[in-house]
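# Chains, contacts and geometry: an overview
One-letter residues, chain by chain:
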Amino acid sequence: MILLSGKQIAEQINRHTELLCRAFSERFSSKPCLAVILVGENPSGRTYVNTKRKLCDLIGIESRLYEFDSSVTQKQLTDKVKSLNEDRCVDGILVQLPLPSHADESAVIDVIDPGKDVDGFTPQNMGKLLLGGGRLISCTPKGILRLLDAYDIPVQSKSVCVIGRSNIVGKPVAALLLQKDRNATVMICHSFTDDVSRYTEKADIVIVAAGCPGLVTGNMIKEGSVVIDVGITRIPDSTKKSGFRLAGDVDFDSAVRKCSAITPVPGGVGPMTVAMLMENTVIAACARRGITDCEELLH
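Residues numbered from 1 in each chain as written. Predicted model: local features only at pLDDT ≥ 70, side-chain atom pairs only at ≥ 80, totals over all residues. Heavy atoms only, no water.

### What about the sheet that holds strand 2 (residues 33–39)?
Pairing between the strands of a sheet comes from backbone hydrogen bonds, and it takes one of two forms, parallel or antiparallel. This is how the line gets drawn: Any two strands between which DSSP finds at least two bridges are classified as paired. Segments assigned H or I by DSSP are reported as helices when at least four residues long, segments assigned E as strands when at least two residues long, and all are numbered from the N terminus. For helices, the fitted axis covers only the stretch in contact; all axes are lines through C-alpha atoms, and the angles between them, taken along N-to-C directions, range from 0 to 180 degrees.
Across the sheet, which stays open at both edges, the 3 strands sit in the order 3-2-4 with parallel pairing between neighbours. Single-partner strands in this sheet number two, and they are strand 3 (62–68) and strand 4 (92–95). Taking each pair of neighbouring strands and ignoring which way they run, the sheet shows an average axis angle of 20°. Both strand 2 and strand 4 contribute to a ladder of 4 bridges, which runs parallel. Paired with A35 across the strands is I93, a residue of strand 4.

Printed below as a string of structure tokens:
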């Protein structure tokens, strides 16, 4: 059984991104710049943002944080995004989700300049992804495929069951797997799917992004399958110093007895997502300066 260490692979990718940032700075006398919008006091959101900003500092990306309290209006958010679109020093824009319930997430995402959309969430970039093109690909789906590639796990002609149909993970990862350079056969399950195990039992690869701790158990997967657990939820745990533990969407202890490879939680998909965000920021910065392949910076 192989433990798919996203942390290890992400470190390798980040080292390469750091080389690209150094070459970028030497050529343009500035760093790639990522602007982050954080709304409210969601502890998880703040943790994610802090993690991203720390990595920016290590890699050589300038990060700017714009904070709003939870009472921020829709217009204030969209106006800030529009101003960042016009800021020539900003290469990437990230709106940390979720937003407060009164804010229309789609409306905020829609006004991001597609060329600065490092999360790959705008309709333009999602459309390009569906059609098999585009430079800025959704970070978690991109990270999942890079992780599979790093461990030489083929997807061509494999049966893949994706659990979850979010715009952030489920839909884009399914679209990527269907592309002609991947050639997987994809099944998508969601909250209205009758008996999810009917599909997971047939799948060579199971990707779970439902936000439901322990949803998939070992008796739901077939022997030798590959399991990618995207879920990460804080579960109250008085035995932990923090007062909580992190749980994935897969019951690791039972799944690990049957699968051939599995991602841990934490340390699996999460680090890959952040690494892809760093990479996308450099890609966006290069594209804004007429460089279509960031590797040109190293030659």
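From this point, things continue past the structure.
### Observations concerning the pairing of strand 2
Put simply, the rule reads: Relative accessible area decides the class of each residue, using a 1.4 Å probe on protein chains only: under 20% of the type maximum gives buried, over 50% gives exposed, and in between gives partly exposed.
Most of strand 2 is tucked away: 7 of the 7 residues are buried. Neither face of strand 2 is left uncovered, since the one carrying C33, A35, I37 and V39 and the one carrying L34, V36 and L38 both have all their residues buried. For strand 2 and strand 3, the ladder comprises 7 bridges, and the chain directions are parallel. Considered in strand 3, the bridge of L34 is made with S63.

### Observations regarding empty space enclosed by the protein
Formally: Detection works on a 1 Å grid of protein atoms alone, calling trapped sets that fit a 1.4 Å probe cavities and calling open sets with protein on both sides within 12 Å along at least five of seven lines pockets, with lining residues defined by an atom within 4 Å of a point. Grid points are joined across faces, edges and corners, and a volume is the space filled by probe spheres set on the points. For this classification, the nonpolar set comprises Ala, Val, Leu, Ile, Met, Phe, Trp, Tyr, Cys and Pro, the charged set comprises Asp, Glu, Lys and Arg, and every other residue, Gly included, is treated as polar.
Overall, the coordinates contain 1 cavity of 30 Å³ or more when judged by the stated rule. There is about 40 Å³ of room inside the largest cavity. L38, V39, N42, G45, Q96, L97 and P98 are the residues that line the largest cavity. Broken down by class, the residue content of the lining of the largest cavity amounts to 4 nonpolar, 3 polar and no charged.

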